[in-house]
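Spelled out, the chains give:
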Amino acid sequence: MADGRLRCQRIGCDATFTEQDNPEGSCQYHASPMFHDGMKEWSCCKKKSHDFSLFMEIPGCKTGKHTTEKPVVAKVNPSPKAPVSKPSVPSTTSAPSRELCPRCKQGFFCSYHGAQPKKDAAPANTEIQASAPPPPKKKININEPQTCRNSGCDQTFKEINNHDTACTYHPGPPVFHDRIKGWKCCDIHVKEFDEFVSIPPCTKGWHNANPTS
């Protein structure tokens, strides 16, 4: 890096450091991951999750010094089963529907769906809508720093500077099958976990601080 800072390569850390400022205990990391039948588990602390984003947010259970050396991930003995062909992947990634689009849900302008529908539009079923009023919109300060939660991004941004090519990310979902790890969105599959987390993002779009909203 230009300012002399180095990027820690331990799994679960990703912090920057200098050789002069790298005391023991400054790095918090995990040893290695394990994947089985859709479950992701850290071998060191046995914490697990089915969701890859939540899995990567589990705080590291080990401490030490930052390092630029990539960790050696323990290899799993190959399965005696016959090799399974790589799952088929669609050639294009379609935009989410307006109901599932996080930007539409937050009331922002969306390059896929345009402006939000007018409030006085005739409802399809007034009886049902009257019994279930929509939740109030979340107020967002456009100058407040937020952390993008899109897979592969994790940058800090302000909504005032957000636009439809500000973020580079993986729309996903991640694919874990036997010893293969990859992204369904860009059809890249590798065997090693450190290679998986190094796959460059394939899609540009809006930064999103709350992708599950």
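All values reported here derive from a predicted model rather than from experimental measurement.

Examining the overall build of the protein
Here comes step 1: A tally of regular secondary structure across the protein gives four helices and 14 strands.
Here comes step 2: Counting the 213 residues in the protein, one finds 28% classified as buried.
Here comes step 3: Sequence separation of 24 or more characterises 49% of the internal contacts of the protein that already satisfy a separation of 6 or more.

Section: the sheet that holds strand E4 (residues 33-36)
Here comes step 1: Taken in spatial order, the three strands of this open sheet run E4-E5-E6, and their pairing is antiparallel. Each of the sheet's edge strands pairs with one partner strand only, and the pair in question is E4 and strand E6 (48-49).

Some thoughts on the sheet that holds strand E11 (residues 174-177)
Here comes step 1: The antiparallel open sheet is built from three strands, whose spatial order is E11-E12-E13. At either end of the open sheet lies a strand with only one pairing partner, and these are E11 and strand E13 (188-190). Each strand of the sheet is rotated relative to its neighbour by a mean of 20°, with strand direction disregarded.
Here comes step 2: Across four bridges, the pairing between E11 and strand E12 (residues 180-183) is antiparallel. In the sheet register, Val 175 faces E12, and the bridge partner there is Gly 182.

Let's talk about the confidence of the model for the protein
Here comes step 1: Taken as a whole, the protein shows an average pLDDT of 76; of its residues, 71% reach a score of 70 or greater.
Here comes step 2: Mean pLDDT across the secondary structure elements of the protein bottoms out at helix H3 (residues 126-131), with 52, and peaks at strand E10 (residues 167-169), with 92.
Here comes step 3: Low pLDDT, under 50, characterises residues 75-79; the predicted model gives this stretch four contacts beyond four residues in sequence or across chains.
Here comes step 4: Throughout residues 89-93 the model reports pLDDT below 50, and contacts reaching past four residues in sequence, or to other chains, amount to six contacts.

Notes on the pattern of salt bridges
Here comes step 1: Tallied over the full model, the rule gives one salt bridge.
Here comes step 2: Here Glu 41 makes a salt bridge to Lys 48, at a shortest N to O gap of 3.6 Å.
Here comes step 3: Overall, the relative accessible area of 14% leaves Glu 41 in the buried class.
Here comes step 4: You can call Lys 48 partly exposed: its relative accessible area is 48%.

Brief notes about the packing of aromatic side chains
Here comes step 1: Overall, the coordinates contain eleven aromatic pairs when judged by the stated rule.
Here comes step 2: A centroid spacing of 5.9 Å and a plane angle of 85° characterise the contact between Phe 52 and Trp 183, whose relative ring orientation is edge-to-face. In this pair, Phe 52 sits in helix H1 (residues 52-56) while Trp 183 sits in strand E12, placing the two residues 131 residues apart along the sequence.
Here comes step 3: For Trp 183, a relative accessible area of 4% translates into the label buried.
Here comes step 4: Through a chain of ring-to-ring contacts, the aromatic side chains of Phe 35, Trp 42, Phe 52, Phe 55, Phe 176, Trp 183, Phe 193 and Phe 196 assemble into a single cluster.
Here comes step 5: Positioned over the ring face of Tyr 29 is Arg 10, at 4.2 Å from the centre of the ring.

Focus: the pairing of strand E5 (residues 39-42)
Here comes step 1: As paired elements, E4 and E5 share four bridges and run antiparallel to each other. Bridged to His 36 within E5 is Met 39.
Here comes step 2: Here E4 hands over to E5 after two residues, with Asp 37 in that stretch at a positive phi of 50°.
Here comes step 3: Inspection of the sheet shows E5 paired to E6 by two bridges, in the antiparallel sense. Bridging from a neighbouring strand, Lys 40 pairs with Ser 49 of E6.
Here comes step 4: Counting the residues that bridge the hairpin from E5 to E6 gives five residues, and of these Lys 46 lies at a positive phi of roughly 65°.

Observations regarding the pairing of E12
Note on strand geometry: in a regular strand, side chains alternate between the two faces of the sheet.
Here comes step 1: Hairpin connection from E11 to E12: two residues lie between these consecutive antiparallel strands, with Asp 178 at a positive phi of about 55°.
Here comes step 2: Note that E12 and E13 share three bridges and pair antiparallel. By the bridge assignment for E13, Gly 182 is matched with His 189.
Here comes step 3: Counting the residues in the hairpin turn of E12 and E13 gives four residues, including Asp 187, whose phi is positive at 55°.

Scoring rules and cut-offs
Residues numbered from 1 in each chain as written. Predicted model: local features only at pLDDT ≥ 70, side-chain atom pairs only at ≥ 80, totals over all residues. Heavy atoms only, no water. Helix = DSSP H or I, 4+ residues; strand = E, 2+ residues; numbered from the N terminus. Buried < 20%, exposed > 50% of the residue type's maximum accessible area, 1.4 Å probe, protein only. Contact = heavy atoms within 4.5 Å. Pairing = 2+ DSSP bridges. Axes fitted to C-alpha atoms, helices over the stretch in contact; angles between N-to-C directions. pLDDT = per-residue confidence, 0-100. Salt bridge = Lys/Arg side-chain N within 4 Å of Asp/Glu carboxyl O. Phe/Tyr/Trp six-rings, centres within 6.5 Å; stacked < 30°, edge-to-face > 60°. Lys NZ or Arg CZ within 6 Å of the ring centre and 35° of its normal.

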